[in-house]
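These are the residues of each chain, in order.
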Amino acid sequence: MRLHKVYHRFSLFSPTNSPQFFLPPPPNLFTPYSPPILHSKRCRISSSSKFSNNPFNQSMSSSRLHNLVPVSAIATEDAAGTNGSSLSLEDDDGLNGGYRLPPSEIRDIVDAPPLPALSFSPLRDKILFLKRRALPPLSELAKPEEKLGGVRIDAKANTRSRMSFYTGIGIHELKDDGTLGPEKLIHGFPEGSKLNFVTWSTDGKHLAFSIRQDQQDDDGDSKLRVWVADVETGKARPLFQSPDVFLNAVFDNYVWVNSSTLLVSTIPASRGSPPKKPLVPSGPKIQTNEQKSIVQARTYQDLLKDEYDEDLFEYYATSQLVLVSLDGTVKLFGEPAIYTSLDPSPDDKYVLLSSIHRPFSFTVPCGRFPKKIDLWSAEGKFLKTLCDLPVAEDIPIAFNSVRKGMRSLNWRADKPSTLYWVETQDGGDAKVEVSPRDIVYTQSADAPEGEEPTIFYKLDLRYGGISWGDDSLALIYESWYKTRRVRTWLVSPGSNETSRLLFDRSSEDVYSDPGSPMLRRTPVGTYVIAKFKKEDKQGTYLLLNGNGATPEGNIPFLDLFDIETGDKERIWQSDKEKYYESVVALMSDQTEGDLHVNDLKVLTSKESKTENTQYFIQKWPEKKACQVTNFPHPYPQLASLQKEMVRYKRRDGVQLTATLYLPPGYDPSRDGPLPCLVWSYPGEFKNKEAAGQVRGSPNEFAGIGPTSPLLWLARRYAILSGPTIPIIGEGKEEANDSYVEQLVGSAEAAVEEVIRRGVAHPDKIAIGGHSYGAFMTANLLAHAPHLFCCGIARSGAYNRTLTPFGFQNEDRTLWEATDTYIKMSPFMAANKIKKPILLIHGEEDNNSGTLTMQSDRFFNALKGHGALSRLVILPFESHGYSSRESIMHVLWETDRWLQKFCVSNSSEDAPKIDETEGTAGTEDKAVASGGGAVAEFEDPGFDGLHFNSRSSL
């Protein structure tokens, strides 16, 4: 996309294709809320222990909503943390209700003020500081939401539910010397507004953003309106003169067609009231496979269930497009439909409109519903339908399988209005052997009817994208998951010259990564490959920006790459002794033609183990760095923490790494071994050498999110963060067939290392993880009980027979690999778990594979064998945890568990814990930093692609 979009939802996906950067997504505000508490049922926090005769073990309730605070009892936002929503705190087992607060050492870090998100103007002469509030209130999550077609919708706002927001926008001028001018606030909008979808106009003179004002009464209007602001004056005003035009933000919301006109998805004015659910169904719910089609799908959640859901989805997702100019001129654009993306051509003459339509599916999310892509003129005239794809229920679960028909349809960034797309030649099935596997086509938007598209390139692996430059240069990427092979081809789009293989490597081999070409912005707002000239040499050069993975850690670099000879010249490299620096964006891209190396200007980031990330402008040829930001240390109490990247070997010879954190001032010879928390997440590899490569840098700043294990540095724990847990399947071997053995071997090596160093007490080492890390935790307690004293497992999946059509990186079905599914499932080994295990799960987990039922059933299996266990179900929370009440309670639960079963390592002789440390009803109004959750996306269901997304803890 050529447009500068800045928006965040409660998703770990925040894709940006333009070279700008953003700090963590903005959280919301909230008011206190009491968690439901049950004991024998899944409805509330549950605890079972063969050492406990607590009479509460016999209590029953039929609903998790047993102890919800009435609406009338919920405090206002300004009073957040002052409402008495918690019950008594006398019970050591914490079973008498209410949200809890962790010790102040942890709470103070989580409540540190969040930093703003930053966005540069298209001309790189101004920076937006997007102001953020702290963690959202549970009341935000508790709002009603419709779960339809794999998305969750806030019906009142007609947008995705659980949206984060900004509270204000500040503009700074970026001076020639790299310093910032005084802040100018965008003003004119109502106080207390929640801002979303902040977008620069293509000329950088205006901003567009949405405004939402939550109403106190249930009947209040909280729908989004579009506003625009003049960047020079800072004055904001509504885009539409009528107050009754509202934004539909369920899918794509608005886009700048040119510097003075926007195309906006609005709620149709005539749509009426939402459909009502019939009291009596019209008939049974029927699905059929009488055609004997092979339909395999991962365990998707929030799918459509019946005709009423179909009607409701169509009601909320349908938009009326409106073309509106800054002077107030309004024009309807097409008919109402479920538009999912709006994409103007680089020359502003055309618009690509993608939409989905009936018949919907009850089996897959909306990303696989029938999809139509139409070409329109920018004035609103329909030109032609480019494709109309049927529902894609039959995409095979094998990785690299894709949807049939046209996909990845987009505009060439280097041409005014030329389309390109890809079509599979294997029917979308990665198991089919065929050459070529994918074909890339191009065609001008004004091509006459019936003209055949041009075959641009044929690929034997799966298409992975194109970086466009000009008629003499483009880079095409292809990859294949099973072999981890990735290839980069250099082509000349404007000629028939033979392509040249530029790079051919394994995606796992991070040491061989040459880097990615830096992109420059064109005058029309697209991004193309930046081509450079040297004053003293002939030839054309690319600027490759790489992570610089080495056995000593990442050392980012910039290389001048001669595209004719393949020669490289390193023109910049991070300081590897103390700092971790990286290149964020190219800043000298305003001039026409090739760029000159001596005029190069880049934005870099710089950080160290103890110094927060700051941003700098560096100019050539002097390479002098001018500091742009001066963010304070977010948690000065841990400013002197100790961090070291450690290396050790598994018994089979595989090299492993981890990051060891120690508390400030800790001296092993003086203080002796500490209680230790090991927190990790397994990964799959095809060879031992790649698995043993070092990833990350010992000099990176220790970012601590609100659920990070590093919080326990403040409690004087040693933290072994991210020890590599490689599950290796070389050649034709499948990695998961020896999952348990490799998992245990990696854990043994990690534990032996921290004990050898004298920093961890051998009887006081806990294991923990989130999502697939929780799965790992349960397996280690089952199969390596000698290593750990207790475990914390958050939002995991424990019974793989409940995900029979693949999970994580396993693309065989349960029936193809029955033994592997069963052997990998800690549910099947529940009788072997003897060490205390704390299970935490969001009640509304929407991640594929990690249904809340997974923790419910695993807890029942543990309880059925007398295991010392505890289950905490967080009302309204999804796969990652968002609200301050929930996050603080998770930290309280975790700290309590570690104090009882790690520090003391005795279930019968546990230390006295100060259960009255705090409650959500007695805390002040301090704000907190966001981020830090790990999310496992087993398959989002869009075009058959597979994603695993994890943000750093």
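Residues numbered from 1 in each chain as written. Predicted model: local features only at pLDDT ≥ 70, side-chain atom pairs only at ≥ 80, totals over all residues. Heavy atoms only, no water.

*Asks:* What's the story with the state of the cysteines in this structure? I'm lost.
*Replies:* Linking two cysteines covalently through their sulfur atoms gives a disulfide. Under the counting rule described, the total for this entry stands at 0 disulfides. Not engaged in a disulfide, the cysteine C790 finds its nearest cysteine sulfur in C789; these two sulfurs lie 4.0 Å apart. (Disulfide = S-S within 2.5 Å.)

*Asks:* I tried to follow helix α10 (residues 884-903) on my own but got confused; where do I start?
*Replies:* Structurally, the α-helix is built with 3.6 residues per turn, so residues lying three or four positions apart point the same way. The element α10 is largely enclosed, with a buried count of 19 among its 20 residues. Once α10 ends, the next one or two residues include N905, with phi positive near 50°. (Buried < 20%, exposed > 50% of the residue type's maximum accessible area, 1.4 Å probe, protein only. Helix = DSSP H or I, 4+ residues; strand = E, 2+ residues; numbered from the N terminus.)

*Asks:* Even after reading the chapter, I still don't get the pairing of strand β42 (residues 655-662), so can you show me in this structure?
*Replies:* If a strand is regular, its side chains alternate between the two faces of the sheet. A large share of β42 lies buried, amounting to 7 of its 8 residues. What sits between the antiparallel neighbours strand β41 (residues 642-649) and β42 is a turn of 5 residues, in which G653 has the positive phi angle 95°. With 3 bridges joining them, β42 and strand β45 (residues 718-721) adopt antiparallel strand pairing. When the sheet's bridge partners are listed, L660 is paired in β45 with L720. (Pairing = 2+ DSSP bridges.)

*Asks:* Could you clarify how one ought to interpret the sheet that holds strand β5 (residues 146-148) in this entry?
*Replies:* Two orientations exist for strands paired in a sheet by backbone hydrogen bonds: parallel and antiparallel. A sheet is described by the order of its strands in space; here 3 strands give the open sequence β5-β6-β7, paired in antiparallel fashion. At either margin of the open sheet sits one strand with a lone partner, and together these are β5 and β7 (159-160). The pairing of β5 with strand β6 (residues 151-154) spans 3 bridges and is classified as antiparallel. If you follow E146 over to β6, its bridge partner there is I153.

*Asks:* How do you make sense of the environment of R757 when you look at a structure like this?
*Replies:* Mapped onto the secondary structure, R757 falls in the loop between α6 (739-756) and β47 (760-770). By relative accessible area, R757 is classed as partly exposed at 27%. Along the primary structure R757 and P668 are separated by 89 residues, whereas in three dimensions their C-alpha atoms are 8.6 Å apart. Filtering out sequence-adjacent residues up to four positions away, R757 remains in contact with E644, V646 and L660. (Contact = heavy atoms within 4.5 Å.)

*Asks:* Got a minute to help me understand the pattern of salt bridges in this structure?
*Replies:* For side chains of opposite charge, pairing can occur when their charged atoms come near one another. This model, assessed by the stated rule, comprises 47 salt bridges. For E314, the salt bridge is made with R358, and the minimal N-O distance between the two is 3.1 Å. Note that E314 is positioned in helix α3 (residues 307-317) and R358 in the loop between β18 (350-356) and β19 (371-377), a separation of 44 residues in sequence. Judged by its relative accessible area of 30%, E314 falls in the partly exposed class. Residue classification places R358 among the partly exposed residues on the basis of a relative accessible area of 31%. For D671, the salt bridge is made with R670, and the minimal N-O distance between the two is 2.9 Å. Connected via shared salt-bridge partners are R407, D426, E433, R437, D438 and R462. (Salt bridge = Lys/Arg side-chain N within 4 Å of Asp/Glu carboxyl O.)

*Asks:* I would appreciate a short explanation of the sheet that holds strand β40 (residues 624-627) in the present structure.
*Replies:* The 4 strands lie next to each other as β36-β38-β39-β40, forming an open sheet whose pairing is antiparallel. This sheet does not close on itself; its edge strands, each paired only once, are β36 (579-586) and β40. Recorded for the sheet is a direction-independent mean angle of 35° between the axes of neighbouring strands. Across 6 bridges, strand β38 (residues 601-608) lies against strand β39 (residues 614-619) in antiparallel orientation. Bridge assignment links S605 to a residue of β39, and that residue is Y615. (Axes fitted to C-alpha atoms, helices over the stretch in contact; angles between N-to-C directions.)

*Asks:* What's the story with the pairing of strand β10 (residues 194-200) in this structure? I'm lost.
*Replies:* Burial of β10 is extensive: 7 of the 7 residues sit out of reach of the surface. Strand direction decides the pairing type here: β10 and strand β11 (residues 206-212), joined by 5 bridges, are antiparallel. Across the sheet, N196 pairs through a bridge with S210, a residue of β11. Counting the residues between successive antiparallel strands, the hairpin from β10 to β11 contains 5 residues, one of them, G204, with a positive phi of roughly 75°.

*Asks:* What is the right way to read the nonpolar core from this model?
*Replies:* Side chains of a nonpolar character, in soluble globular proteins, are inclined to be buried together. Y739, L780, F788, I837, L839 and F858 are the most contacted members of the largest nonpolar core, which has 64 residues in total. At 9 residues, α6 tops the list of elements feeding residues into this core. Listed in part, the 39 residues of the second largest apolar core include L135, W679, L713 and I719. (Core = buried A, V, L, I, M, F, W, Y, C linked by side-chain atoms within 4.5 Å.)

*Asks:* Before we go on, may I ask you to explain helix α9 (residues 852-864) in this structure?
*Replies:* Taking 1.5 Å as the rise per residue, α9 with 13 residues should run 18 Å; its terminal C-alpha atoms sit 19 Å apart, in good agreement. Listing the buried residues of α9 in full gives T852, Q854, S855, D856, F858, F859, A861 and L862. Once α9 ends, the next one or two residues include G866, with phi positive near 75°. (Expected span 1.5 Å × (residues − 1).)

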